[in-house]
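Here is what each chain is made of, one letter per residue.
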Amino acid sequence: VYLAREAGLHYAGLSIVTNLGAGLTPEPVAHDEVESAMKAAAPRIQRLILEAVTRVKISSLPKVGPGVDLPDAEV
């Protein structure tokens, strides 16, 4: 994130929950379960990203890059 901002790139984060019950049972989460959940979610993730990118109005993005101060954080 730091390097993206320094390079003048806009970025966004995306998290995918692959096991809602992880840690609630004594059995550990198996890697194949996580892989299966990701494969099932892939088409929705792809649609989400493509739709989000097509809706971005470049002119409305704030200026970023070297020498541009960070906006004040709202707490």
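Everything discussed here concerns the structure shown above.
Residues numbered from 1 in each chain as written. Predicted model: local features only at pLDDT ≥ 70, side-chain atom pairs only at ≥ 80, totals over all residues. Heavy atoms only, no water.

Caption draft 1: Representation of the overall build of the chain within the structure. Summing up its helical and strand segments, the chain has 2 helices and 0 strands in all. Whereas a compact globule of 75 residues would reach a radius of gyration of roughly 11 Å, the chain reaches 18 Å, over 25% beyond that. If one aligns the C-alpha atoms of the chain with their principal axes, the spans along those axes are about 50 × 30 × 25 Å. In the chain, buried positions account for 7% of the 75 residues. (Helix = DSSP H or I, 4+ residues; strand = E, 2+ residues; numbered from the N terminus. Rg over C-alpha atoms; globule rule 2.2 N^0.38 Å. Buried < 20%, exposed > 50% of the residue type's maximum accessible area, 1.4 Å probe, protein only.)

Caption draft 2: Broad picture of the pattern of salt bridges. Inspection of every chain in the model, using the stated rule, returns 1 salt bridge. The partner of arginine 55 in a salt bridge is glutamate 51, and the shortest N-O contact between them spans 2.6 Å. Taken together, the positions of arginine 55 and glutamate 51, both in helix H2 (residues 31-55) and 4 residues apart, correspond to about one turn of that helix. For arginine 55, a relative accessible area of 61% puts it in the exposed group. (Salt bridge = Lys/Arg side-chain N within 4 Å of Asp/Glu carboxyl O.)

Caption draft 3: Just the environment of proline 28, in detail. For proline 28, the location among the structural elements is in the loop between helix H1 (2-6) and H2. A residue is classified by how much of its surface remains accessible, and proline 28, at 72% relative accessible area, is exposed. Separated by 13 residues in sequence, proline 28 and alanine 41 place their C-alpha atoms 21 Å apart.

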